[in-house]
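# Inside the fold
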Amino acid sequence: MALTDSKIRQAKPTEKNQKLSDGGGLYLFIPKAGEGKRTKSWRLKYRIGGKEKLLTIGPYPSVTLKAARKARDEAKDMILEGIDPSQTKKNKKLEQIQTLSNNVEAVAREWHEQQAKNWSEGYSAKVLRSLEANLFPYVGTLPISQLTPPQLLDVLRKVERRGALESAHRLKQVTGQILRYAVATGRVERDFTPDLKKALPAHRKQHFPAITDPVKVGQLLRMIDCYEGTATVRAAMKLAPLVFVRPNELRHAEWSEIDFETAEWKIPGSKMKMGEDLIVPLSSQSIEILKEQQLLTGNWQYVFPSARSPRRPMSDNAILSAFRNMGIEKTEMTGHGFRAIARTLLDEILGERVDLIEHQLAHAVKDSLGRAYNRTTHLPQRKKMMQRWADYLDVLRSNGQVVSIFSKAAAE
């Protein structure tokens, strides 16, 4: 006797499993009482190839009686054609799983996880944030094999229309790396991002603002010496031009990385943008600053801890805020600017070897045979260079009084 909606609703669990038949092999399975969260479900018993098999259609009431009968009839038609509906369902589910694991977001996250092993924590987070904000919302669920140049271009132009042309170009570059990873792992046939080379307006790279005139650098150093903010921020600003590391590397400096005996700061690759270890030779002036700072924060993990919590590094805005308080606008100088100062004056004024400067800046540098320098390459020469640099900054600092050359301070 065929089932009715009323009969199904009235059926209650008993001490035994129940099977309420609807005909044609279709029945409603009702688990016995005490089976936890198991619910009523539609099942179809059938034979194919001389074997009895079972197809689970779905739970009741999500799958109504009408829908269950329709699924039964469709399954019967498949059986008549020699197609196993249960195997077909398994294959479809497997395809869905494969599609989900091969969509743009899944492949991008897989690529990011592999690359992040060679990146600093900050850079890794920055790349992922860009993907989550600019790529995933628009094409993240699309199978990566179905991503087309016009679709990606549309995403890039959304970023461009925000006025973030540089971000659009960077996103295209990152997407190209993801596609090349997908090629290597058999998900797509080619990286098509080179086809979009001229689809976006050319981006003229803007360098971080910096002061490179020696006289103005001397005035900047004297302003830092007279900074009336916290001692930790002042110490960080005094050390920054001497070591010219990236701001993120400076604020994450830990006492365990400082070796006063060898006068070296050994930064692990996990903190570096390029993922390579770096040794920063410490001049006598740098050692003096660090020893004074050690009296304040030597019992903590970070050399320059946050003012709010010594268990966290100094805020990435601390030095920028200090510059603003001193009247130095962001168009004139940033924390990155110390790197440009060193790169320019070490080369043009002190005549230091460019390869040593680039290596100390943690840029990719190779020797005459094309081999990448490691962290200890030319270390004695770099130590001498860093001391000459510190001595030169002392000369610039001593040449005159504290006179602001920046627009805001001058106006005041």
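Now for a quick tour of the structure. Fair warning: this is a prediction, and the values are worked out from it, not measured in the lab.

Now for helix α5 (residues 121–134). Taking 1.5 Å of rise per residue, the 14 residues of α5 would be expected to cover 20 Å, and the 20 Å separating its terminal C-alpha atoms lies within 8% of that figure. Turning to α5, its buried residues are S124, V127, L131 and N134. Angularly, the buried residues of α5 cover 130 degrees about the axis, an arc narrow enough to put them on a single face. With respect to the buried face of α5, the exposed residues turned more than 90 degrees away are E121 and R129.

When you tally the buried positions in strand β2 (residues 26–30), you get five out of five residues, the bulk of the element. Of the two faces of β2, the one holding L26, L28 and I30 and the one holding Y27 and F29 are both buried throughout. Linkage of strand β1 (residues 18–23) to β2, two consecutive antiparallel strands, is achieved through a turn of two residues, within which G24 is found at a positive phi near 70 degrees. Pairing of β2 with strand β3 (residues 41–48) involves four bridges; the strand directions are antiparallel. Across the sheet, the residue bridging to F29 is S41, located in β3.

Within the secondary structure layout, L320 lies in helix α13 (residues 318–325). When its relative accessible area of 28% is taken as the criterion, L320 is described as partly exposed. Remark: the alpha-carbon pair of L320 and G335, spanning 15 residues in sequence, is separated by 6.6 Å. Apart from residues lying up to four places away in sequence, L320 is in contact with T334 and G335.

Once that is clear, we can look at helix α10 (residues 231–243). Because each turn of an α-helix spans 3.6 residues, side chains separated by three or four positions end up pointing in the same direction. Here α10 spans 18 Å end to end across 13 residues, near enough to the 18 Å set by a 1.5 Å rise per residue. Taking burial as the measure, the 13 residues of α10 include 10 buried ones, the bulk of the element. Those residues of α10 lying buried are T232, V233, A235, A236, M237, L239, A240, P241, L242 and V243. Following α10 by one or two positions, F244 adopts a phi angle in the positive range, close to 40 degrees.

Another point: unusual backbone geometry. Glycine aside, negative phi is the norm for most residues, and most peptide bonds take the trans geometry. Cis peptide bonds are those with omega within 30 degrees of zero, and the linkage from Y60 to P61 qualifies with 10 degrees. Position of P61 relative to the elements: it lies in the loop between β4 (51–59) and α2 (65–80). You will see that F244, though not glycine, has its phi angle at about 40 degrees, which is positive. Within the secondary structure, F244 sits in the loop between α10 and α11 (247–251). For A263, which is not a glycine, the phi torsion comes out positive at approximately 55 degrees. Relative to the helices and strands, A263 resides in the loop between β5 (258–259) and β6 (264–267). Judged by relative accessible area, A263 falls into the partly exposed class, the value being 21%.

Further remarks concern the packing of aromatic side chains. All told, the structure shown has five aromatic pairs when counted by the stated rule. Here W42 and Y60 contribute two aromatic rings whose centre-to-centre distance is 6.2 Å and whose plane-to-plane angle is 80 degrees, an arrangement assigned as edge-to-face. Of the two residues, W42 sits in strand β3 while Y60 sits in the loop between β4 and α2, which places them 18 residues apart along the sequence. The pair W42 / Y60 is uniform in exposure class, with both members buried. Relative to F338, the ring of F323 lies with its centre 6.1 Å away and its plane at 50 degrees, an arrangement referred to as tilted.

All right, on to the pattern of salt bridges then. Counted by the stated rule, this structure contains 22 salt bridges. Ionic pairing is found between E110 and R187, a salt bridge with its closest N-O pair at 2.7 Å. Placement of E110 in helix α4 (residues 104–115) and of R187 in the loop between α8 (165–184) and α9 (214–225) is noted, with a sequence separation of 77 residues between them. Residue class for R187 comes out buried when judged on its relative accessible area of 18%. Through salt bridges with shared partners, a single ionic network connects D22, R69, R72 and D73.

Right, let's get into the side chain of T232. Mapping T232 onto the fold places it in helix α10. Residue classification places T232 among the buried residues on the basis of a relative accessible area of 13%. If we ignore the near neighbours within four places in the chain, the residues touching T232 are Q293, T297, F304 and P305.

What follows is about the sheet that holds strand β7 (residues 278–281). Sheet strands associate in pairs through backbone hydrogen bonding, adopting either a parallel or an antiparallel arrangement. One open sheet holds the three strands; their spatial order is β5-β6-β7, and the pairing between them is antiparallel. The open sheet has two edge strands with one neighbour each: β5 and β7. Here β5 runs beside β6; their pairing, made up of two bridges, is antiparallel. Across the sheet, the residue bridging to I258 is W265, located in β6.

Conventions we followed
- Residues numbered from 1 in each chain as written.
- Predicted model: local features only at pLDDT ≥ 70, side-chain atom pairs only at ≥ 80, totals over all residues.
- Heavy atoms only, no water.
- Helix = DSSP H or I, 4+ residues; strand = E, 2+ residues; numbered from the N terminus.
- Expected span 1.5 Å × (residues − 1).
- Buried < 20%, exposed > 50% of the residue type's maximum accessible area, 1.4 Å probe, protein only.
- Arc of directions from axis to C-beta.
- Pairing = 2+ DSSP bridges.
- Contact = heavy atoms within 4.5 Å.
- Phe/Tyr/Trp six-rings, centres within 6.5 Å; stacked < 30°, edge-to-face > 60°.
- Salt bridge = Lys/Arg side-chain N within 4 Å of Asp/Glu carboxyl O.

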